[in-house]
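Commentary on secondary and tertiary structure
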Amino acid sequence: MTQSPAIPLPPPKERRRLREAASLTRAQLASRVGVTSETVRGWETGRSTPRGRKGEKYAKLLDSLGDGGVEGADPLGDEAGMTPPQDGAADSDDPEPAPGAVLSRRSARARRKTATPDRKRPAAKDRGHGPVTVPDRSRAPAPHGHRVILTERPRTTPPRRPDDAIAALTPDQAFDALYAFCAPALVRQTYLLTGRRELARESVERAFQIAWQRWPEVARDRDPAGWVRAMAYECALSPWHRFRPRHRHPEPPPPDAFDRTLMDSLLELPPPYRRTLVLYDGVGLGLPETAAETEASTRAAVNRLAHAREAVAERLPELADPETLHWRLVELASVERLRAAKPSVVRKVGERRARFWTRAAIAFTIALIGTTALTVRTAPTHYEPPVPEGETVQGVPPRMAPGPLSESERELRAKLRKEEQKGPDRLRPQPW
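Here's a quick rundown of the structure. (Residues numbered from 1 in each chain as written. Predicted model: local features only at pLDDT ≥ 70, side-chain atom pairs only at ≥ 80, totals over all residues. Heavy atoms only, no water.)

A short note on the packing of aromatic side chains
The geometry of two aromatic rings is summed up by the distance between their centres and the angle between their planes. Summed over all chains, the structure comprises nine aromatic pairs. Ring centres of tyrosine 179 and phenylalanine 208 lie 4.6 Å apart, and the angle between their planes is 75 degrees; on these two criteria the pair is classed as edge-to-face. Of this pair, tyrosine 179 sits in helix H8 (residues 171-194) while phenylalanine 208 sits in helix H9 (residues 197-213), placing them 29 residues apart in sequence. Residue classification places tyrosine 179 among the buried residues on the basis of a relative accessible area of 2%. Judged by its relative accessible area of 0%, phenylalanine 208 is buried. Taking 5.8 Å as the distance between ring centres and 40 degrees as the angle between the ring planes, the aromatic pair formed by tryptophan 240 and phenylalanine 243 counts as tilted. Overall, tryptophan 240 belongs to the exposed group, its relative accessible area being 63%. Among the aromatic side chains, those forming a connected cluster through ring pairs are Phe175, Tyr179, Phe208, Trp212 and Trp215. (Phe/Tyr/Trp six-rings, centres within 6.5 Å; stacked < 30°, edge-to-face > 60°. Helix = DSSP H or I, 4+ residues; strand = E, 2+ residues; numbered from the N terminus. Buried < 20%, exposed > 50% of the residue type's maximum accessible area, 1.4 Å probe, protein only.)

Okay, structure coming up:
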């Protein structure tokens, strides 16, 4: 027989808001409660009700998340849920909890504050050389595309409008905050996609330069971090990099043999499969979000993920477990010291690039207009029929140079010269 949890549960929308405010994915919350992600989805949408010991554990966990904040950070997921404090959409559609419920949860949390034991982290084999302690993924926030409120606001105040949030920060400050929060994780993610440190850094900087050029669009997007992440992945996986001279010289591989094998396994995957694996098992996005970001159907994303996992597990059987694969990807991305440029430098380079191409477009337009005007000025104004080609006339003997005179011709010439000319005199004008 099941019974309802002793601690009252908040409404379904409030459950989801509490999870997102704590930077937890459904998979992380499900691992802490001991259920599946689909069960947590049903609890948050209201299709099912938590019951029994799992429901009580879920209620206690939501109650502990009331103040927000989960210690730890995922090196691959620092930016996945980042949204600058620009809109109040994170809690504009969700009802605020009643003051009485907030007080009851806080009092219960104060009683259990010292009684909550720390979870032990699971152990896994380290590169096949022995056991190693793997961090608990449930305690490390790896947000999968949902929004996270960066600044704590009183829960009793009404949600702010997007216009008020946009006016709170200048565009430079909002961009710098987004860059500082997302760039380090994005550089590590693009390194897993390309295996090249310099290309990963350039791709992330180029993505943020494009974001700065389209900042009004990015600032009002529901997920600015996802917008920049998709652009960085597109820049990193562009096929035009193969024509660059730098691409012909491979970079030094990771120093560890296990990391080299894992990196080779990733680079052997087709780019869509590699991107799907990094998004789902590395960043921690859900299947719908992964499919949307890779511009594929959910079924196609599932097939790509399954084939990518099989290819990696074929060379590294230790990574058959998705949880172990996740932390191996995190460790591989964290081995290299990948740093991004400062946000001010990225903004200045983006503005300089935009000015250059704007001036180039203006110069090309002026040249095109000048060429068109010159063509119009010098072009004929009426039709002139073409001159027909000459025709060959038949029957005309070819011109020949005079040859030597024969004997008879010389006699005739001498006779004509000796005889006087008969006939009228040559006419000439008479003097006056």
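Considerations on the packing of H8 against H9
Across the interface, H8 lies against H9 with an axial gap of 8 Å and an inter-helix angle of 150 degrees. The two elements H8 and H9 meet at a crossing, and its hand is right-handed. In this structure, H8 contributes Pro171, Asp172, Phe175, Leu178, Tyr179, Cys182, Ala183, Leu186, Val187, Thr190, Tyr191 and Thr194 to the contact, and H9 contributes Arg197, Leu199, Ala200, Val204, Glu205, Phe208 and Trp212. In terms of residue class, the contact of H8 with H9 is built from 14 nonpolar, two polar and three charged. (Axes fitted to C-alpha atoms, helices over the stretch in contact; angles between N-to-C directions. Left-handed = near helix turned anticlockwise from the far one by under 90°. Contact = heavy atoms within 4.5 Å. Nonpolar A, V, L, I, M, F, W, Y, C, P; charged D, E, K, R; others polar.)

Some points on the side chain of threonine 294
Examined against the element boundaries, threonine 294 turns out to sit in the loop between helix H14 (287-293) and helix H15 (298-315). Judged by its relative accessible area of 12%, threonine 294 falls in the buried class. In this structure the side chain of threonine 294 is engaged in a polar contact, spanning 2.7 Å, whose partner is the backbone oxygen of threonine 290. Sequence-distant contacts of threonine 294, defined by excluding residues within four places in its chain, comprise Arg275, Thr276, Leu279 and Arg304. (Polar contact = N/O pair within 3.5 Å; in protein donor to acceptor, adjacent residues only side chain to side chain.)

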